[in-house]
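One-letter residues, chain by chain:
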Amino acid sequence: DAKTTQPPSMDCAEGRAANLPCNHSTISGNEYVYWYRQIHSQGPQYIIHGLKNNETNEMASLIITEDRKSSTLILPHATLRDTAVYYCIAYSSASKIIFGSGTRLSIRP
Amino acid sequence: NAGVTQTPKFRVLKTGQSMTLLCAQDMNHEYMYWYRQDPGMGLRLIHYSVGEGTTAKGEVPDGYNVSRLKKQNFLLGLESAAPSQTSVYFCASSSPPGHIQETQYFGPGTRLLVL
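Predicted model only: the values in this text are computed from it and were never measured.

Chemist: What am I meant to see in the state of the cysteines here?
Modeler: Here is the idea: a disulfide is a covalent bond, and it sits between the sulfur atoms of two cysteines. Residues and elements named next belong to chain A. Counted under the stated rule, the structure contains two disulfides over all chains. One disulfide bridge connects Cys-22 with Cys-88, the sulfur atoms lying 2.0 Å from each other. Taking the sign of the S-S torsion, about -80° here, the bridge from Cys-22 to Cys-88 comes out left-handed. One end of the pair, Cys-22, is in strand 2 (residues 18-23); the other, Cys-88, is in strand 8 (residues 84-91), with 66 residues separating them in the sequence. Unpaired in terms of disulfides, Cys-12 finds its nearest cysteine sulfur in Cys-22, a separation of 18 Å.

Shown next, in the form of structure tokens:
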């Protein structure tokens, strides 16, 4: 399964869009890109996933480059409650999921 | 729906003691997983199950055993606890690969301290 690379930390002003990048240059054709987040010490929470096309749901948008080697998670209007560690994962089978260290997102008031 | 629940929430063990962590899900998911998370680290897969009566090893299985006697329950056992097993343990469940939404739903975690 593809290894992903994320910046260790980012910050964003409250009310602005938070754009979290992820590199997955070794992704294979059947691997989906998933984003989860972990708020404080809670269990991770699913945000969004995609294969090729851009995706949007009530929480976020996912932009995947045409070559699928990278993606960006967009939180359109960040709030203090979005402060969390965000994990980008690429996998085709949940039995081989690797979470990595993620990006610690801090939202400034 | 309660989703994924874990018991206990917190436990302190002495080296060499044994214990069982219980995970239960009410979403009729086929797949269940046990992860551990050490401070400042991501989650690492210990064992997983693709259905009732089946289990398989993940990335860090040594020192742990699991059982899936009922579809809704997944047990994680520590036969002889060691300080290196001090961690937060998360259980998760999901639909099988290829399902429309094969996403994982996580429990709240069990914090284990081994002295």
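Now that the structure has been shown, the text picks up again.
Chemist: Would you mind showing me how to read unusual backbone geometry here?
Modeler: With glycine set apart, most residues show a phi of negative sign, and most peptide bonds adopt trans. Going from Thr-7 of chain B to Pro-8 of chain B, the amide bond is cis rather than trans, its omega being -5°. Position of Pro-8 of chain B among the secondary structure elements: in the loop between strand 1 (4-7) and strand 2 (10-13). At Arg-68 of chain A, a residue that is not glycine, the phi angle is positive and equals roughly 65°. Here Arg-68 of chain A lies in the loop between strand 6 (61-64) and strand 7 (70-75).

The rules behind each value
Residues numbered from 1 in each chain as written. Chains lettered and ligands numbered in written order. Predicted model: local features only at pLDDT ≥ 70, side-chain atom pairs only at ≥ 80, totals over all residues. Heavy atoms only, no water. Disulfide = S-S within 2.5 Å. Helix = DSSP H or I, 4+ residues; strand = E, 2+ residues; numbered from the N terminus.

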